[in-house]
Amino acid sequence: MARFFITLSLPILLLLASGSLSNFGLSAEPETGKQAKAGDSGIPPVPEGTPEEMLDYIRTIRQVAENPASVSREEMMKSMQAIATATMTAADRALSQLKNSDDLFDEAATAKLQSLMMLSRLGDTAATSSLQTFATSLIDGPSPALATEAKRLLLVQEAQELFTKRDLAKAPAIIKQAGALLAANPDDTATAGLAMQLASAFEHMPGGETLSKQAYETFGPLFKKSKNESIQQMAESFQGTLRRLSLPGSPMKITGTLLNGKPFDQSTLDGKVVLVDFWATWCGPCIAEIPNVLEAYQKYNSQGFEVVGVSLDQDRDALEKFVTDRKIPWPILFETSEGSGWQHPLATYYGISGIPTVILIGKDGNVVSLNARGERLGELLDELFKDSSSTKGN
């Protein structure tokens, strides 16, 4: 996948980060808001029985989600609605027979929480309201784990509303809440995942780069306190991301080896407008952007515009053939990677999490934009070279 956010909406990613949909086997997108009835999509009716029998029933029907027989999206959504509705009913029947101190209470309550979240994501407004009420009731309960799950789902719901309405004014409060939840348990992978997704989602939202930086600065120190190795690794990647997010208005260090094996000399870019393009031959969106960059290059290269490609490919021969066949005129940096292509030193240094990532540098050597793609690239270059164009016209 060329970019981690290329196929899923931001709210869906937040749900996945919370872990709330993982027990259902897949993610869901808003559909019609109409609840499916138990018995639909091959789901057996909810029986009467003991809490143990209700939880056994829930485990059984969830296997349908893990091994779906339907192939169409419409059938899949119908099945998920049916499973979530039946799970909620069974969980309610179990909870009606349990006290919050009973051993099975947490499992039943978690099943209800996750079912309500699923139905809410499928557009059921009644489930949205019920989720808020039920989750709030669990926060002050005797189970710390259940209280954390409830807080996390409420936070996910707030974040979904923010991204749906593009209401960035609420973002600082959500970042603060996520930080408090993470501070309470730095080893919780579900909360860490949610925090990571929040920070990344803000970064890829128009006007959200400052908020993303705030999120990374909030979560990074908390990740470092974790005893969980995977969370600690996320903390290390934050440093590169923060380095990149801090670039606007500052110089960018560009180092590496050219395709011909010679070291790249950044001084050759002095006084030029430079586009640094992190890309790969296997990245569809990267390839789709090449004609746009070529057009800009042909228009402004004679006036001092240069492009530096940073390839995340692992196959040098394939890369060289691609560059030759496409007649790409700008220098390409390439390093043989010991692991994933994402481990290119410059990509790691700047916390590149998805490609294409294109950074535009002004003549003074300071970064102008962290996302100079498509029409935006032309607009920025027109502005940067407007004096040159008017002089040439005279």
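Rules used in this analysis
- Residues numbered from 1 in each chain as written.
- Predicted model: local features only at pLDDT ≥ 70, side-chain atom pairs only at ≥ 80, totals over all residues.
- Heavy atoms only, no water.
- Salt bridge = Lys/Arg side-chain N within 4 Å of Asp/Glu carboxyl O.
- Helix = DSSP H or I, 4+ residues; strand = E, 2+ residues; numbered from the N terminus.
- Buried < 20%, exposed > 50% of the residue type's maximum accessible area, 1.4 Å probe, protein only.
- Axes fitted to C-alpha atoms, helices over the stretch in contact; angles between N-to-C directions.
- Parallel < 35°, antiparallel > 145°, perpendicular 65-115°, else oblique.
- Left-handed = near helix turned anticlockwise from the far one by under 90°.
- Contact = heavy atoms within 4.5 Å.
- Nonpolar A, V, L, I, M, F, W, Y, C, P; charged D, E, K, R; others polar.
- Core = buried A, V, L, I, M, F, W, Y, C linked by side-chain atoms within 4.5 Å.
- Disulfide = S-S within 2.5 Å.

## Points about the pattern of salt bridges
Part 1: Under the defined criterion, the tally for this structure stands at 13 salt bridges.
Part 2: For Glu203, the salt bridge goes to Arg244, with nearest N and O atoms at 2.2 Å. Here Glu203 is found in helix H8 (residues 189–203), whereas its partner Arg244 is found in helix H10 (residues 229–245), with 41 residues between them in sequence.
Part 3: Note on Glu203: relative accessible area 11%, which makes it buried.

## Regarding the packing of helix H6 (residues 144–165) against helix H7 (residues 171–184)
Part 1: Their axes nearest at 11 Å, the elements H6 and H7 cross at an angle of 160°. One finds that H6 runs roughly antiparallel with respect to H7. At the point where H6 passes H7, the crossing takes the left-handed sense. Residue-level contacts link Thr148, Lys151, Arg152, Leu155, Glu158, Ala159 and Leu162 of H6 to Ala171, Ile174, Gln177, Ala178 and Leu181 of H7.
Part 2: Of the residues contributing to the contact of H6 with H7, the split by class is seven nonpolar, two polar and three charged.

## Quick look at unusual backbone geometry
Excluding glycine, residues mostly have negative phi values, and the peptide bonds linking residues are mostly trans.
Part 1: A cis amide bond, omega 5°, links Ile355 with the succeeding residue Pro356.
Part 2: Residues other than glycine seldom take positive phi values, yet Arg166 does so here, at roughly 55°.
Part 3: With respect to the element layout, Arg166 can be found in the loop between H6 and H7.

## What to know about the nonpolar core
Part 1: Core analysis: the biggest nonpolar cluster contains 120 residues, and Phe219, Phe223, Met252, Ile254, Phe278 and Phe305 have the highest contact counts within it.
Part 2: Per-element tally for this core: the top contributor is helix H3 (residues 73–95), with eleven residues.
Part 3: Discounting chain neighbours no more than four positions away, the residues touching Phe219 are Ile175, Ala178, Gly179, Leu182, Ala195, Ala199 and Phe238.

## Focus: the state of the cysteines
Part 1: The final tally for this structure, using the stated rule, is one disulfide.
Part 2: Across the disulfide from Cys283 sits Cys286; the S-S distance is 2.3 Å. Between Cys283 and Cys286, the S-S dihedral sits near 80°, and the bridge is therefore right-handed.
Part 3: By relative accessible area, Cys283 is classed as buried at 0%.
Part 4: Judged by relative accessible area, Cys286 falls into the buried class, the value being 3%.

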